[in-house]
There are 4 protein chains.
Amino acid sequence: METDTSGFGPYKLVSREYKPEDTLISVGKSIIGSPQFHVIAGPCAVESRAQLLETAWAVKEAGATFLRGGAFKPRSSPYSFQGLGEEGLKLLAEAREETGLPVVTEVMDVRDVELVASYVDIIQIGARNMQNYFLLKEVSRLEKPIILKRGQSATLEEWLLAAEYVLDGGNWQVILCERGIRTFEKYTRNTLDLNAVPALKNISHLPVFVDPSHGTGRWELVTPMAKAALAAGADGIIVEVHPCPVKAFSDGEQSLTIKKFGKMMTELKKMAKVLDRVMPIE
Amino acid sequence: METDTSGFGPYKLVSREYKPEDTLISVGKSIIGSPQFHVIAGPCAVESRAQLLETAWAVKEAGATFLRGGAFKPRSSPYSFQGLGEEGLKLLAEAREETGLPVVTEVMDVRDVELVASYVDIIQIGARNMQNYFLLKEVSRLEKPIILKRGQSATLEEWLLAAEYVLDGGNWQVILCERGIRTFEKYTRNTLDLNAVPALKNISHLPVFVDPSHGTGRWELVTPMAKAALAAGADGIIVEVHPCPVKAFSDGEQSLTIKKFGKMMTELKKMAKVLDRVMPIE
Amino acid sequence: METDTSGFGPYKLVSREYKPEDTLISVGKSIIGSPQFHVIAGPCAVESRAQLLETAWAVKEAGATFLRGGAFKPRSSPYSFQGLGEEGLKLLAEAREETGLPVVTEVMDVRDVELVASYVDIIQIGARNMQNYFLLKEVSRLEKPIILKRGQSATLEEWLLAAEYVLDGGNWQVILCERGIRTFEKYTRNTLDLNAVPALKNISHLPVFVDPSHGTGRWELVTPMAKAALAAGADGIIVEVHPCPVKAFSDGEQSLTIKKFGKMMTELKKMAKVLDRVMPIE
Amino acid sequence: METDTSGFGPYKLVSREYKPEDTLISVGKSIIGSPQFHVIAGPCAVESRAQLLETAWAVKEAGATFLRGGAFKPRSSPYSFQGLGEEGLKLLAEAREETGLPVVTEVMDVRDVELVASYVDIIQIGARNMQNYFLLKEVSRLEKPIILKRGQSATLEEWLLAAEYVLDGGNWQVILCERGIRTFEKYTRNTLDLNAVPALKNISHLPVFVDPSHGTGRWELVTPMAKAALAAGADGIIVEVHPCPVKAFSDGEQSLTIKKFGKMMTELKKMAKVLDRVMPIE
């Protein structure tokens, strides 16, 4: 019952055997997958106009090239804050208008795909939906880049097969994002698996990002792991930043303050130079 | 931002503190969660009228009280058989008509919930969709029982919170189904976590089933683990049976033949007696 | 550099291909690996003469056929109780003298192997030492049965290879004991992997035991998992019992009281009959 | 029964609360734990005089400051090459004599501790022996630095408690070495957990090393992960290098050639400068 994937192993379109050269994804002036190293930053959830704009201006000034913010939030408990919904999307669009930063947000429901796509520049599929095949098929019809986060216990093979669904549906603009896997270790929220970065670069032509915020769950580990991601060969990172983490509606313990984010960016820029990666100049 | 769950820990409605007595779910003449021990059996995927009916009659004769069969199949690869879709649902309804067995199938897409509900008696949420919150909300509006399978790396807490979404939405007919978790062990496809059975029985009032087919991935382990599930206190099992496993479109290596299924049922019935569980008499 | 294991896969002597018939291990009147189902019971650690003897008489009366008790305790912290050492061995020998129960204890240090062997009937290699190859070689020279516990993250293959060290050294009296593996789940101390029981029975001729006390870490899960182990085909279990668990020096939360142990034994005996396993009659 | 660790949590001596300043370990001209970044390199196993000396000279020339080589090898199978034993120790001592590089090797048996200590400069406790408490106590009496590798499924807490055994016994010269943990991922041999590096730096004053060879099991991932380790804040790495990996007696697939090792060292030196770490100048 299997379609012929003739000699490409379990995946085909995503493999370097099928397409040896790196996939480049252009968004505005940025080219993801090129020597540019991109930082997507912003709050876990869009909470208010003021919170989003303050963060957007700050991360832009520090060198971030994309703004992130959740409008629809996947939450383990039905009693937790579920996001502002379309109101959040509107605030993201407004922040882009004001700052010029392209925006990234997550879509969770197949019925929201067109709505979300009408507001944002890059659409994220979260870890919990990595194997939500109908959602993958839906975003495969878009002409927008997709960030496909790794499932909490997805093998590299399963993750690449999930990406294969999107490419097979016609959308080749897929960015893989490592965000920590589930292990026995309790000190960190997840175990950020940086092995995945060089491994994916060998197997696939797709750009690879890293999310050290979810990957560690502790703000004090974010900067060292962001630097490690850059050193391991990632094409960018996605980082949670909040003007006041202790008051955040979600994920405060893993969010950087604006000040700490700025310090991290300075360190990344110093490293980028010796690693032949390009970052915006201050 | 959290709703008051006043002293119930992370979950509320699903907890024994909130509702001490066992939840009973009636389907036809069966009462799930009672001393009855139920066996849901059938092929991984509905492949054809002949395959489904042959299996249905055979499992009924051996004592199964429900028929399972996949119409929409979650498959890691886009190139694998994806199920017959509505045609499969029609065949399930026909099999119920003929054999009198209530039928169970999985729904994956929020847009298919009403369609699937119009054909089957129990709706399954698969492991990959355990934290697909929009799907959980959609089935929470139904007046049909839901089998909620455990995610591959879901903690008991996360699993119960997923169930909480369904109860909170108004549907209290939720059956939890352990189907194996992901570990380092490679010999088995998954590691069936039978600890979960008595643990859930302590924490929650909901019925608990076990799927030894996915939980082990090897047909030769299905019978011993089905017996272990019964001994551990499960309210039922869900088992893959195929008239000719080597020709199955999916999961052949973990499917029992009709003959082996019959043998397993005989052994379960002998055990049920000394464990004060009720199974249909031959 | 590999010795020829000619067609036996990674392991040789432990495999059913090499030796199809079940290995039987005689200790006193007991034959481990036969249809007899054996219960090894006793305190985590030998704490005092009174504690050990009270427990020994009680578990014997309930039908246990072996007494366990730790003299040398592997403890994560150097500040935790490390066991009574040789004094504990003497108390075990005295308890055997009084009750007639053969005794089981763990050895951790190669230099203690002869000492321990001079006092007890079965020697246990604990999970932390499963790949302590010098210790394995040392016990391989004994003419005493060895209980080889599974390492916390050992695959079945690694575990069987550890057993292979003992058989290769000349000691074929090896009992494999599943005691829970390490997973992401936090509710239980470990995840008891009962899949291992039928899997090992297929691959190997060695007897297989299960330790539901360490495997769950919660006394309220011990009885259901002990029953599940029997149903899955185990040849016996090893269970922690303490006259007063809340006062135990170690592992109190996973120890059964004498009363609960008696109740569990009654349930196991009822099950044993329909599973063609033999247990002592009350 | 617990000794008072008065407000230090589970561990005491290893914690930053107890000793805020970084522990420095002097070996020859090197100071481990200082701004120096150290590379310990050499073959998995000492195979012959020629193999060891060729590797020693080559890694020294490239900037390694220590030579590693296994004389006693922990092997899953009793039929695999077990190391040259004391002959291997003599070759290590000879290689030090010739090249001036201090040497590192593993000890597995408590009875070999004095012998091994008489030959080498740093003693390694391998992952399989991390909780071999008698071995920890034995090396705690030495006046030599100990590399304590993380167990395959050891939490940070358990690992630090294992180190506590050594400090509590009187030896404060302990270097922690992350070497990959066991997860569900099959592409890599282990999952190198770089989160551990900044986490340990926060919790403890002990130096932290990383082993990207065992941590990935694939030579093509070693260089990116070595760079990531440096970026994450490690004090050094331990890397397997072999003149001819395909002919290695063990671990060939994860060993760098001499040429690839040289290339990696050049990249690490470039990075070290911008990270304020000191490496030997070419």
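If you're wondering where the values come from, they're calculated on a predicted model, not measured in any experiment. (Residues numbered from 1 in each chain as written. Chains lettered and ligands numbered in written order. Predicted model: local features only at pLDDT ≥ 70, side-chain atom pairs only at ≥ 80, totals over all residues.)

Chemist: Just checking my understanding: could you explain the sheet that holds strand 7 (residues 146-149) of chain A for this structure?
Modeler: Strand pairing within a sheet occurs via backbone hydrogen bonds; the two strands may be parallel or antiparallel. All names here are of chain A. Here eight strands make up a closed barrel; going around it, the order is 3-4-5-6-7-8-9-10 and the pairing parallel. Pairwise comparison of adjacent strand axes, ignoring direction, gives a mean angle of 25 degrees for this sheet. When strand 9 (residues 208-210) meets strand 10 (residues 236-240), the two strands line up parallel, connected through two bridges. When the sheet's bridge partners are listed, V210 is paired in strand 10 with I237. (Pairing = 2+ DSSP bridges. Helix = DSSP H or I, 4+ residues; strand = E, 2+ residues; numbered from the N terminus. Axes fitted to C-alpha atoms, helices over the stretch in contact; angles between N-to-C directions.)

Chemist: Whenever I open this one, the sheet that holds strand 7 (residues 146-149) of chain C confuses me. Can you help?
Modeler: Residue and element names in this part refer to chain C. In space, the eight strands of this closed barrel follow the order 3-4-5-6-7-8-9-10, with parallel pairing throughout. Within this sheet the neighbouring strands show an average axis-to-axis angle of 25 degrees, counted without direction. In this sheet, strand 5 (residues 103-106) lies alongside strand 4 (residues 66-68) in parallel orientation, the contact comprising two bridges. When the sheet's bridge partners are listed, R68 is paired in strand 5 with V104. Relative to strand 3 (residues 38-42), helix 1 (residues 49-62) is tilted by about 155 degrees, and along the sheet it contacts strand 3 and strand 4. (Contact = placed C-beta atoms within 7 Å.)

Chemist: Just checking my understanding: could you explain the relation of the copies chain D and chain A for this structure?
Modeler: One chain copy maps onto the other through a rotation about an axis and a shift parallel to that axis. Superposing chain D onto chain A requires a rotation of 180 degrees together with a translation of 0.0 Å along the rotation axis, leaving an RMSD of 0.0 Å. What the superposition gives is, in effect, a two-fold axis relating one chain to the other. It is A228(D) whose C-alpha, among those of chain D, lies nearest the rotation axis, at 2.0 Å. Looking at the interface residues of chain D, 100% of them are also at the interface in chain A, so both copies use one shared face. (Least-squares fit on C-alpha atoms with pLDDT ≥ 70 in both.)

Chemist: Would you mind going over the interface of chain D and chain A with me for this structure?
Modeler: Contacts between chain D and chain A engage 33 residues on the former and 33 residues on the latter. Mapped onto the side of chain D that touches chain A, the elements with two or more residues apiece are helix 6 (196-203), helix 8 (219-232) and helix 9 (258-274) of chain D. Ranked by residues supplied to the side of chain D that touches chain A, first place goes to helix 8 of chain D with nine residues. Per-class residue counts for the side of chain D that touches chain A are 18 nonpolar, nine polar and six charged. (Nonpolar A, V, L, I, M, F, W, Y, C, P; charged D, E, K, R; others polar.)

Chemist: Explain helix 1 (residues 49-62) of chain A here, please?
Modeler: Structurally, the α-helix is built with 3.6 residues per turn, so residues lying three or four positions apart point the same way. Residues and elements named next belong to chain A. Counted at 1.5 Å a residue, the expected span for helix 1 with its 14 residues is 20 Å, and the 20 Å between its end C-alpha atoms agrees. Buried residues of helix 1: Q51, L52, T55, A56, A58, V59 and A62, and no others. At its buried positions, helix 1 is contacted by strand 3 (38-42), strand 4 (66-68), helix 2 (86-99) and helix 9 (258-274). Taken from the residues just after helix 1, G63 is the one with a positive phi, measuring 115 degrees. (Expected span 1.5 Å × (residues − 1). Buried ≥ 20, exposed ≤ 12 C-beta atoms within 10 Å, placed from the backbone.)

Chemist: Looking at this structure, I do not really get helix 8 of chain D. What am I missing?
Modeler: The end-to-end C-alpha distance of helix 8 of chain D, which contains 14 residues, comes to 20 Å, matching closely the 20 Å that a straight helix rising 1.5 Å per residue would cover. Of all the 14 residues making up helix 8 of chain D, 13 are buried; the element is thus mostly covered by neighbouring parts of the structure.

Chemist: Please explain the pairing of strand 10 of chain A as it appears in this structure.
Modeler: For a regular strand, the rule is simple: side chains alternate between the two faces of the sheet. Residue and element names in this part refer to chain A. Within strand 10, five of the five residues are buried, leaving the element largely enclosed by the surrounding structure. Examined bridge by bridge, strand 3 and strand 10 share five bridges and lie parallel to one another. Among the inter-strand pairings, G42 is bridged to a residue of strand 10, identified as E240.

Chemist: Even after reading the chapter, I still don't get the pairing of strand 8 (residues 174-178) of chain B, so can you show me in this structure?
Modeler: Residue and element names in this part refer to chain B. Among the five residues that make up strand 8, five are buried, leaving the element largely enclosed by the rest of the structure. The alternating pattern of strand 8 places V174, L176 and E178 and I175 and C177 on opposite faces, both of which are buried. With helix 5 (residues 156-168) bridging strand 7 (residues 146-149) and its parallel neighbour strand 8, the resulting β-α-β unit is right-handed. As judged from the three bridges shared by strand 8 and strand 9 (residues 208-210), these two strands associate in the parallel manner. Paired with C177 across the bridge in strand 9 is F209. (Right-handed = clockwise from strand over helix to strand, strands pointing away.)

It is worth stressing that arrangement in space is one thing and function is another; only the former is reported here.
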